[in-house]
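Analysis of the macromolecular model
Chain residues, written in single-letter form:
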Amino acid sequence: MSAQNVKLQSPIVQLFIRPFGKPCIVITDFREAQDILVRRTKEFDRSKFICDVSGGAVPQSHFCMPTNDEFKKHRKWVQSVMGMGFLHDVAAPHVYEAGLDFLQLWEQKSRLAKGHPFNASEDIYRTTMDAVWGIIFGADPANSTTKAQLRLYATIKEVDIPSDLNAEAVLPFAPYPEAVQSFLTIIESVETSIISPVPVFAHWVLRQTSSMKKAYKDKDQLIGEEISKALKRAKGRSEKDRDVKCANDDFIRREILLAEKEKRAPEPQSRGMYDEILGFIMGAHDTTATAITWGQKNLADNPDVQNKLRAELRAAHADAAAEKRMPTFQEINKTPVHYRDAASAVRTALVDAEVLGHGIPKGTEVFLMGNGPRIFSPEFDIDDSLRTQSCLESKDKVGTWNHKGMADFNPERWLVGQASSKRGCYRRRMANVELKLLITLIVWSFELHKCPKELSGYEAIDKMTHVPQHCYVKPVKLTY
């Protein structure tokens, strides 16, 4: 979309993206986007476009709701799993365990590939799914999808590989467990809505197929069983004695507390609770995996950045380096490494509004792009008289990047704070924990070599997220 802003040389353009539908607005100016997201929340709210795209899969998740009382109720169910206690004590061990399996997987794939590049996206997505599955349900890691891959590769001594060392080594995959596959089928179905000019109808048609009906049935059966287990763990215990072994435990605990406060019967088996659990998996699995796929591509293509990050990790975890071991998840969580810790959004106009001197009618979808001018190229010159007073007052709170090399991969310039709003991504803290742990383990254990040009392009496709078409790796195991 942002290509149209560049083509027309304007920070704000109007596009017709659906037949017979209203035009949408595309904005490629960071200051204006931040103003809308953070300070103009009474004028712009959760996008109807997002609800149309995701609502077929999780219609009663807070992700698809406007900011109303029902939204606030659902946020109360899920908000405490973003507390640092849960993230460090419950979530981090699951992520770390999945990460260690991931390292073993790449060792085995490297053994079979014999120096050839191999596809890495499936490995990364399986790893984040394993991590999230453990976080939400407290699942036994012995039954993870990555463990299934390792068991498969343990039976394979070698595979047919091409003579050209730059050609891909095609390696087999173990099938997903049926329960996990049901969730993935539903998550991947959102792509149908994204690419359709009539997303709601397209997803409704898809849901009538036998495969989708089976996926929803299997998904509901598993969630129902896991909620029953959580209720059993909570039964007969006081609030302070209730163990929280997974996010599901905490969701149910919060619903019991809310019901007591509101003097009503708890509804742990409600459709809303089911959709929050699926929505949690959708958000925590897909977005993190996508970030890591882009991250490993950029690190492989920028060895100087990769080497600097590895040096900082070793310096920050000096004890682990000296003892020639992996840093523990506790060490990774508590140690800041600024070089490591360093998007687009959509909103719907709630009222007739004005942005950069242009009238925005009520109900218009506004796309706030994170991949255009001011991010990858110099910003547009905008007269301050066109900006709101709140935008002008916050001018000095966020700096601007040096125009030279703006499109280059340079993590140092990202070391700034993040503004937030009540519609900000509530899973951001968990995503940060996942990224810290997994990126640390990858860079600590492997040197990522650049893949041949035909396997390392930066073309992308839009699914649940903006994913690279090519995600291949040539990892070399490091020894210390």
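Quick summary incoming for the structure in this document. (Residues numbered from 1 in each chain as written. Predicted model: local features only at pLDDT ≥ 70, side-chain atom pairs only at ≥ 80, totals over all residues. Heavy atoms only, no water.)

**Some words on unusual backbone geometry**
- The backbone of Lys324 shows a phi angle near 55°, a positive value even though the residue is not glycine.
- Positioned with a positive phi, Leu356 is a non-glycine residue whose angle comes to about 50°.
- Examined against the element boundaries, Leu356 turns out to sit in the loop between β6 (353-355) and β7 (358-360). (Helix = DSSP H or I, 4+ residues; strand = E, 2+ residues; numbered from the N terminus.)

**Description of the packing of aromatic side chains**
- With the rule as written, the count across this model stands at 11 aromatic pairs.
- A ring pair is formed by Phe49 and Phe367, whose centres lie 5.2 Å apart and whose planes are at 65°; its orientation type is edge-to-face.
- A ring pair is formed by Phe251 and Phe280, whose centres lie 5.9 Å apart and whose planes are at 75°; its orientation type is edge-to-face. Here Phe280 lies in helix α12 (residues 271-301) and Phe251 lies in helix α11 (residues 247-262), a separation of 29 residues in the sequence. Of the two residues examined, Phe251 and Phe280, each falls in the buried class.
- A connected cluster of aromatic rings, assembled from ring pairs, spans Phe102, Trp106, Phe118 and Phe446.
- Between Arg126 and the ring centre of Tyr176, over which it is positioned, the NZ or CZ distance is 4.1 Å.
- Taking NZ or CZ as reference, Lys297 lies 4.8 Å from the ring centre of Tyr458, over its face. (Phe/Tyr/Trp six-rings, centres within 6.5 Å; stacked < 30°, edge-to-face > 60°. Buried < 20%, exposed > 50% of the residue type's maximum accessible area, 1.4 Å probe, protein only. Lys NZ or Arg CZ within 6 Å of the ring centre and 35° of its normal.)

**A look at the sheet that holds strand β3 (residues 44-46)**
- Taken in spatial order, the five strands line up as β1-β2-β8-β5-β3 in an open sheet, and their pairing is mixed. Among the strands making up the open sheet, the edge pair consists of β1 (12-15) and β3. Going from strand to strand, the sheet's axes swing by 35° on average, the running direction of each strand aside.
- Relative to strand β8 (residues 365-368), strand β5 (residues 345-349) runs antiparallel, the two being bridged by four bridges. Following the sheet pairing, Ala345 is matched in β8 by Leu368.
- Contacting β2 (24-27), β3, β5 and β8, helix α2 (residues 30-39) crosses the sheet at an angle of about 125° to β8. (Pairing = 2+ DSSP bridges. Axes fitted to C-alpha atoms, helices over the stretch in contact; angles between N-to-C directions. Contact = heavy atoms within 4.5 Å.)

Keep in mind these values describe shape, not function.
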